[in-house]
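A look at the structure
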Amino acid sequence: LMKDKKITNHVWNKLYKRELFKDVSFPLNRKYEDIGTLYKVVEKSNDIVYIDFELYGYRKRETSIVNNLKKQTLLDYIEMIRVRYDYLVGKFPDLKDYFDMNKINSTTRCYLDIIRTKNEDFFDEQEIIKLLKNELSISKKLISFKTIRLSSLRENIANTLLMVSLKLFIFVMRIFYKFK
């Protein structure tokens, strides 16, 4: 779940027992509410079964939340990641490396989403800049050999580039998305 690979942070692509949602609710008026909810349901689960074939068709739309990044959407994403991280590190300290890796990757994703969706005017908004700089500062403190080992090569390249130089990261990623 923290690697967001086979078992992703989406709520829509799973079947659940109703009782797993007892005392668990989605954050109201927030985007990325999956991130703020799914870990609680997984924690309450006794068994998780993974089926390696598609049973559901997912349609990607250009008007989706992911493709139309807004200021509040980005703020909600950062908040959901922060709340989940704080909860999980406090509850499961032995898995901290995985949570750190996810936090670092999520911070990098914020920057990537701004560049990918061409909403770079966010880099001029003081509230966003302050929040992103804070998240980047936290990520720099979390990065270690263990978190690098848990990430993919692609994630490591993006994370390292961001940790070394924000300007270089933005420059390289603009080129990447231009030719992708």
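Residues numbered from 1 in each chain as written. Predicted model: local features only at pLDDT ≥ 70, side-chain atom pairs only at ≥ 80, totals over all residues. Heavy atoms only, no water.

A closer look at the overall build of the protein
For clarity, the threshold we go by: Note on conventions: DSSP H or I runs of at least 4 residues are helices, E runs of at least 2 residues are strands, and numbering of each starts at the N terminus. In this description the radius of gyration comes from C-alpha coordinates, and the expected globular size is given by 2.2 Å times residues to the power 0.38. Note on areas: Shrake-Rupley with a 1.4 Å probe; residue coverage comes only from the protein chains shown. His is not counted, nor are the chain ends, whereas Lys and Arg count as positive and Asp and Glu as negative. The atoms used to mark charge sites are NZ of Lys, CZ of Arg, CG of Asp and CD of Glu.
Summing up its helical and strand segments, the protein has seven helices and zero strands in all. Going from N to C terminus, the protein has its helices and strands arranged as α-α-α-α-α-α-α. Over its C-alpha atoms the protein spans a radius of gyration of 17 Å, differing by no more than 12% from the 16 Å that the globule rule assigns to 180 residues. Counting only C-alpha atoms and orienting by the principal axes, one finds that the protein spans roughly 45 × 40 × 35 Å. Taken as a whole, the protein presents about 12000 Å² of accessible surface, with 56% of it coming from carbon and sulfur. Counting 35 positive and 24 negative side-chain charges, the protein places the centres of these two groups 3 Å from one another.

Notes on helix H2 (residues 71–91)
Worth spelling out the cut-off: Expected span, for any helix, means 1.5 Å times one less than how many residues it has. Under the scheme applied here, a residue whose accessible area is under 20% of the maximum for its type counts as buried, over 50% as exposed, and between as partly exposed, the area being computed with a 1.4 Å probe on protein chains only. Should any heavy atoms of two residues lie within 4.5 Å, those residues are considered in contact.
For H2, which comprises 21 residues, the first-to-last C-alpha distance of 30 Å matches the rise-based estimate of 30 Å (1.5 Å per residue) to within 8%. Within the sequence span of H2, burial applies to Thr73, Leu74, Leu75, Asp76, Tyr77, Ile78, Met80, Ile81, Arg84, Tyr85, Leu88 and Val89. At its buried positions, H2 is contacted by helix H1 (38–44), helix H3 (96–116) and helix H4 (126–142).

Concerning the pattern of salt bridges
Think of it this way: side chains of opposite charge can pair up when their charged atoms draw near. This is how the line gets drawn: Salt bridges are identified by distance alone: a Lys or Arg side-chain nitrogen within 4 Å of an Asp or Glu carboxyl oxygen.
Scanning all chains against the criterion turns up nine salt bridges. Residue Glu127 is joined to Lys71 by a salt bridge in which the shortest nitrogen-to-oxygen separation is 2.9 Å. Highlighted residues: Glu127 in helix H4 and Lys71 in helix H2, separated in sequence by 56 residues. With a relative accessible area of 30%, Lys71 lands in the partly exposed category. The shortest N-O distance in the salt bridge between Lys96 and Asp100 comes to 2.8 Å. Here the residue Lys96 and the residue Asp100 both occupy positions in helix H3, the gap between them amounting to four residues, near one helical turn. According to the relative accessible area criterion, Asp100 is buried, its value standing at 5%. Look at the salt bridges and you will find they share partners, linking Glu79, Arg82, Lys103 and Glu135 into a network.

Here we look at the nonpolar core
Here is the rule we go by: The term nonpolar core refers to a set of buried residues drawn from Ala, Val, Leu, Ile, Met, Phe, Trp, Tyr and Cys, joined through side-chain atoms within 4.5 Å.
One finds Leu74, Tyr111, Ile114, Phe123, Leu132, Phe169 and Met173 to be the most contacted residues of the largest nonpolar core, which totals 38 residues. At the level of elements, H2, H3, H4, helix H6 (153–164) and helix H7 (166–179) are the ones that each hand at least two residues to this core. The greatest single-element share of this core, amounting to nine residues, is contributed by H2. Those residues in contact with Phe123 that lie beyond four places of it in its chain are Tyr111, Ile114, Ile115, Ile129, Leu132 and Ile170.

Topic: the side chain of Thr8
Short version of the rule: For the purposes of these results, a polar contact is taken to be a pair of N or O atoms within 3.5 Å, where, inside protein, one atom must be able to donate a hydrogen and its partner to accept one; residues adjacent in sequence count only when each atom of the pair is a side-chain atom.
Mapping Thr8 onto the fold places it in the segment before H1. There is a polar contact of 2.8 Å between the side chain of Thr8 and the side chain of His10. Engagement of the side chain of Thr8 in a polar contact is seen with the side chain of Asn13, the distance being 3.3 Å. Not counting chain neighbours up to four residues away, the residues in contact with Thr8 comprise Leu1, Asn13, Lys14 and Leu38.

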